[in-house]
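Single-letter residue listing:
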Amino acid sequence: MTVAGKTERVLVLNSGSSSVKYALFIGEERLASGIVERIGEPGSPVADHEAALDIVAGELADRNLGIDSPELTAIGHRVVHGGTDFTEPTLITDEVTAKIEELVPLAPLHNPGNLAGIEVTRRLRPDLPQVAVFDTAFHSTISPAAATYAIDRKLAERLRIRRYGFHGTSHAYVSREAAALVGRPGCNVIVLHLGNGASASAVSGGRCLETSMGMTPLEGLVMGTRSGDLDPGVLLYLARTGGMSFDEIDTLVNRESGMRGLCGENDMRTVQERLAAKDPDAELAFSVYCHRLRKYVGAYYAVLGVVDVIAFTGGVGENSPLVRQTTLDGLEALGIAVDPERNRRGKGVISPDGTAVKVAVIPTNEELEITRQTLAILPRTKRP
Ligand code: ADP
């Protein structure tokens, strides 16, 4: 990735509500990365995003890689919600930040932090191209049949209620790597991104056809602390009969559900330790987690018709042979199998030779994907 002999340097920022993660790339190589946490929390030395980015600037300057460096080509910002406005990486202008602001009601936990980071870096480096890369963008290709909730259409349109999907940069990166693995860009891939948040997608020829997160990241798979799919009647019942407020329900389904709700623990490593000790709560939690995942594999098999690759990624997907094995156990009739030794090793293809579907472990790299997408739009705009 060089232009006129100069290797591109991109600073990637993931500026959340209470943390800023950063990574600096030269070409495809990650030179530095880090995280500043506890922004704005009581007793924290980091008062706001300005202070957090000061720390980031300081850490990079210590290594002669500062934000003020003339060598920097661009800054790529992760932005969670792009609504239907943003379906590709977008050069940030005042108009773009205003639109991201308009989307705050759809992502009240995420877009404000993203915007705060953008505002500070635009002030620090007004000369530099800054690009917003949206978590929703990769999923903008899902059909109306997949995107539409079966509720009153006028109401849904007025309030922008539809399925958007998230983790898009990860699904884009991993599905492309999966296609490279089988050497066919046109292939069909099921991506299972299993981190603290978790989502699945069905991708055909690089286009996303389905994804498990919806209008918010709450829908779909069982996650660390989020419930995933839930009968909407449960929420009504919690309010009406359980006497819970909206905020209490919000906290329950976002922070106190999923694996934490089921067994008190959201870290899959600890869940697995407890499984080994035959802890019944951990056993139930683990079985609910894998059962839900297996249902989605079946559903996306049907969406795609033919599956070439099933790719596991994210902290759990990359590191838990037990989740991979349990989820895909007994699916030989669908051409799906996991080789125990390859699964234990956990790198690349983990299915036996000769099965119709390749099962693979593919580490995600969202920061590299943001770097690539940031650089990809620069030739159409301004290069320094
Ligand atoms: P995030 O979604 O916050 O980016 P990660 O993708 O890093 O998170 O995934 C975090 C999850 O990965 C945690 O639940 C953690 O327990 C799990 N994890 C990390 N290492 C292992 C492991 N060796 N075995 C099982 N789970 C693991």
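Predicted model only: the values in this text are computed from it and were never measured.

**Here's the deal with the overall build of the chain**
Helix and strand counts for the chain stand at 15 helices and 14 strands. Relative to its length of 384 residues, the chain is compact, with a C-alpha radius of gyration of 21 Å against a globular reference of 21 Å. For the chain, the spread of C-alpha atoms along the principal axes amounts to about 55 × 55 × 45 Å. Accessible surface, the chain: about 17700 Å² in total, of which carbon and sulfur atoms supply 53%. For the chain, the distance from the average site of its 40 positive side-chain charges to the average site of its 48 negative ones is 4 Å.

**Here's the deal with the pattern of salt bridges**
Scanning the model with the defined rule gives 17 salt bridges in all. One salt bridge in this structure joins R372 and E28, with 2.8 Å as the shortest N-O distance. Linking R372 in helix α15 (residues 366-377) with E28 in the loop between β4 (20-26) and β5 (29-36), this pair joins segments that are 344 residues apart in sequence. For R372, a relative accessible area of 22% gives the class partly exposed. Two residues, D267 and R269, come together in a salt bridge whose shortest N-O distance is 3.1 Å.

**Here we look at the UniProt feature "binding site: substrate" (unreviewed entry) in the chain**
When the UniProt feature table is mapped onto this chain, "binding site: substrate" (unreviewed entry) is found at R78. Note on R78: relative accessible area 19%, which makes it buried. Setting aside residues up to four positions removed in sequence, R78 forms contacts with L13, N14, N114, V133, D135 and I370.

**Comments concerning the side chain of S15**
When you line up the elements, S15 lands in strand β3 (residues 9-15). In terms of polar contacts, S15 uses its side chain to reach the backbone carbonyl oxygen of G113, at 2.8 Å.

**Some details on the UniProt feature "active site" (unreviewed entry) in the chain**
Residues annotated in UniProt with the feature "active site" (unreviewed entry) correspond here to D135. For D135, the position within the fold is in the loop between β8 (130-134) and α4 (144-147). Judged by its relative accessible area of 1%, D135 is buried. Discounting residues that sit within four places of it in the chain, D135 has contacts with R78, V79, V80, G165, F166, H167, G168 and T169.

**Observations concerning the sheet that holds strand β9 (residues 188-194)**
Pairing is mixed across the open sheet formed by six strands, whose spatial order is β11-β10-β9-β12-β14-β13. The open sheet has two edge strands, β11 (207-211) and β13 (348-349), and neither has a second partner. Of the strand pairs in this sheet, β9 and strand β10 (residues 198-204) are connected by seven bridges, and their pairing is antiparallel. Bridge pairing in β10 places H193 opposite S199. Relative to the sheet, helix α11 (residues 280-304) contacts β9, β10, β11 and β12 (309-313), its axis offset from that of β9 by approximately 160°.

**Some details on the packing of helix α7 (residues 232-240) against helix α8 (residues 246-255)**
Taken N-terminus to C-terminus, the directions of α7 and α8 make an angle of 135°; their axes are 10 Å apart at the nearest point. As summarised for this structure, α7 and α8 are arranged oblique, according to the angle between their axes. Here α7 runs over α8; the crossing is right-handed. Within the contact between the two elements, α7 uses L235, L238 and A239 and α8 uses I249, L252 and V253. In terms of residue class, the contact of α7 with α8 is made up of six nonpolar, no polar and no charged.

**Observations regarding the packing of aromatic side chains**
A full pass over the atoms with the stated rule returns two aromatic pairs. Measuring from ring centre to ring centre gives 4.4 Å for F86 and F134, while their planes differ by 5°; the resulting arrangement is stacked. Of this pair, F86 sits in the loop between β6 (74-79) and β7 (90-91) while F134 is found in strand β8, placing the two residues 48 residues apart along the sequence. Here F86 matches F134 in class, with each residue buried. Taking the centre distance of 5.6 Å and the plane angle of 85° together, the rings of Y296 and Y300 count as edge-to-face. Of this pair, Y296 and Y300 both sit in helix α11, four residues apart, which is roughly one turn of that helix. For Y296, a relative accessible area of 12% corresponds to the buried category.

**What to know about the pairing of β11**
The sheet contact formed by β10 and β11 spans four bridges and is antiparallel. By the bridge assignment for β11, A202 is matched with E210.

**Here's the deal with the site of the ligand**
In the vicinity of the ligand, the contacting residues are G195, N196, G197, N266, D267, M268, R269, G314, G315, V316, N319 and S320. Within the backbone of N196, one N or O atom sits 2.9 Å away from an oxygen atom of the ligand. V316 places a polar main-chain atom, nitrogen or oxygen, 3.3 Å from an oxygen atom of the ligand. If the ligand stood free it would expose 580 Å²; the protein chains cover 67% of that surface. Of all the secondary structure elements, the ones that give two or more residues to the shell around the ligand are α10 (268-276) and α12 (314-319). Among the elements that take part in the shell around the ligand, α12 stands out by supplying four residues, more than any other.

The rules behind these values
Residues numbered from 1 in each chain as written. Predicted model: local features only at pLDDT ≥ 70, side-chain atom pairs only at ≥ 80, totals over all residues. Heavy atoms only, no water. Helix = DSSP H or I, 4+ residues; strand = E, 2+ residues; numbered from the N terminus. Rg over C-alpha atoms; globule rule 2.2 N^0.38 Å. Areas by Shrake-Rupley, 256 points an atom, 1.4 Å probe, with all protein chains shown as cover. Lys, Arg positive; Asp, Glu negative; His and termini not counted. Charge placed at Lys NZ, Arg CZ, Asp CG, Glu CD. Salt bridge = Lys/Arg side-chain N within 4 Å of Asp/Glu carboxyl O. Buried < 20%, exposed > 50% of the residue type's maximum accessible area, 1.4 Å probe, protein only. UniProt positions renumbered as here; feature names shortened; annotations may be inferred. Contact = heavy atoms within 4.5 Å. Polar contact = N/O pair within 3.5 Å; in protein donor to acceptor, adjacent residues only side chain to side chain. Pairing = 2+ DSSP bridges. Axes fitted to C-alpha atoms, helices over the stretch in contact; angles between N-to-C directions. Parallel < 35°, antiparallel > 145°, perpendicular 65-115°, else oblique. Left-handed = near helix turned anticlockwise from the far one by under 90°. Nonpolar A, V, L, I, M, F, W, Y, C, P; charged D, E, K, R; others polar. Phe/Tyr/Trp six-rings, centres within 6.5 Å; stacked < 30°, edge-to-face > 60°. Near = heavy atom within 4 Å.

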